[in-house]
Amino acid sequence: MELGLKDKVAIVTGSGRGIGAVTARALAEEGAKVVITDIDPQTTEATCAALEADGHDAIGVVCDVTDMALVETMVARAVAAFGGVHILVNNAGFPRDNYITRMPEQDWDSVVGVILKGAYNCSRAVVPHFMAQNWGRVINISSRAYLGNPGQTNYAAAKAGILGFTRALGMEQGRFNVTVNAIAPGFIATEMIESLPNYDRIRTRALAMNTVPRLGTERDIANGVLFLASEAASYISGETLHITGGRYG
Ligand SMILES: NC(=O)c1ccc[n+]([C@@H]2O[C@H](COP(=O)([O-])OP(=O)(O)OC[C@H]3O[C@@H](n4cnc5c(N)ncnc54)[C@H](O)[C@@H]3O)[C@@H](O)[C@H]2O)c1
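Reading the values: the criteria
- Residues numbered from 1 in each chain as written.
- Predicted model: local features only at pLDDT ≥ 70, side-chain atom pairs only at ≥ 80, totals over all residues.
- Heavy atoms only, no water.
- Near = heavy atom within 4 Å.
- Polar contact = N/O pair within 3.5 Å; in protein donor to acceptor, adjacent residues only side chain to side chain.
- Areas by Shrake-Rupley, 256 points an atom, 1.4 Å probe, with all protein chains shown as cover.
- Helix = DSSP H or I, 4+ residues; strand = E, 2+ residues; numbered from the N terminus.
- Nonpolar A, V, L, I, M, F, W, Y, C, P; charged D, E, K, R; others polar.
- Pairing = 2+ DSSP bridges.
- Axes fitted to C-alpha atoms, helices over the stretch in contact; angles between N-to-C directions.
- Contact = heavy atoms within 4.5 Å.

S.K.: Is there a simple way to think about the site of the ligand in this case?
M.R.: The ligand sits among 26 residues. The nearest are Arg17, Asp38, Asn91, Tyr155 and Thr190. Between the ligand and valine 65, the relevant distance is 3.0 Å, taken from a nitrogen atom to a main-chain nitrogen or oxygen of the residue. Glycine 186 is positioned with one of its backbone polar atoms (N or O) 3.4 Å from an oxygen atom of the ligand. Burial of the ligand by the protein amounts to 94% of the accessible area it has alone, namely 820 Å². For the shell around the ligand, the elements supplying multiple residues, two or more each, are α1 (18-29), α5 (153-173) and α6 (191-194). Its residues assigned to classes, the shell around the ligand shows 14 nonpolar, eight polar and four charged.

Right under this line is the structure:
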């Protein structure tokens, strides 16, 4: 299937490592020019350098998505380097799990901030470019956890909130030929997940609840992004694509 991504400019937030890095590489392999942007300078540089070494068009921009001024600078650098921007993947995010009685206010604010304010800031900065060119794609990385998990009131609230954001922004942007969709990954074996203290327990539970009998990979999510960014998905907006190996509960 021809995806139509050649020479499109894609910003993938949190793309220094994990799902974001694999997604950026998948887009680059389809001919897109990619902006590697992450709060971590080392992974930003390393991931960008690896893409360039393989002959892809990439720039690396260190950026905290919760800081609007930094986000505006990051988008301006993308436009200066590649002449525009067509695809935004709001991927930066992390959990800070605890039961609510033990959850510090800071862990509520940081999780909700990176997921929701980060998506707002980045969308706010790119949407004028999308409107002007009458084409754009916003793809928000939610989580199956939007359904709720004990110990994740902050993460579940933010990942559910991003689905409302997806539908509302899609309604605003449809007439500009801009689609806005979300992906809800299940258990994807990334560094972030493997570093969780309860990794073994959630891994066993995920394997037991998946209908597809394996753990998810970063590439499973990247494949969903490629589809939603492509011309093949031009009549899909406001949707949530569950990539969970068949797990819903
Ligand atoms: N791994 C999973 O099983 C899973 C499941 C569902 C959803 N997700 C979501 O997928 C996304 C990627 O997760 P991952 O597993 O690849 O995690 P990861 O920790 O490997 O990658 C997240 C990246 O985001 C960056 N980041 C953190 N805060 C940032 C900020 N303020 N500004 C810019 N970048 C920032 C980190 O430095 C990191 O490189 C997250 O939104 C996560 O919630 C992951």
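S.K.: Before we go on, may I ask you to explain the sheet that holds strand β3 (residues 58-62) in this structure?
M.R.: The strands making up a sheet associate through hydrogen bonds between their backbones, and the pairing can be parallel or antiparallel. Pairing is parallel across the open sheet formed by seven strands, whose spatial order is β3-β2-β1-β4-β5-β6-β7. The open sheet has two free edges, formed respectively by β3 and β7 (240-243), since each of these has just one partner strand. If you compare each strand with its neighbour and ignore which way they point, the axes differ by 20° on average. Of the strand pairs in this sheet, strand β1 (residues 9-13) and strand β4 (residues 87-90) are connected by three bridges, and their pairing is parallel. Residue pairing for β4: alanine 10 is matched across the bridge by isoleucine 87. On top of the sheet, helix α3 (residues 68-82) reaches β1, β2 (33-38) and β3; it is set at about 160° to β3, its chief contact. Where helix α4 (residues 105-133) meets the sheet, its contacts fall on β1, β4, β5 (136-141) and β6 (178-185), and the angle it forms with β4 comes to roughly 175°.

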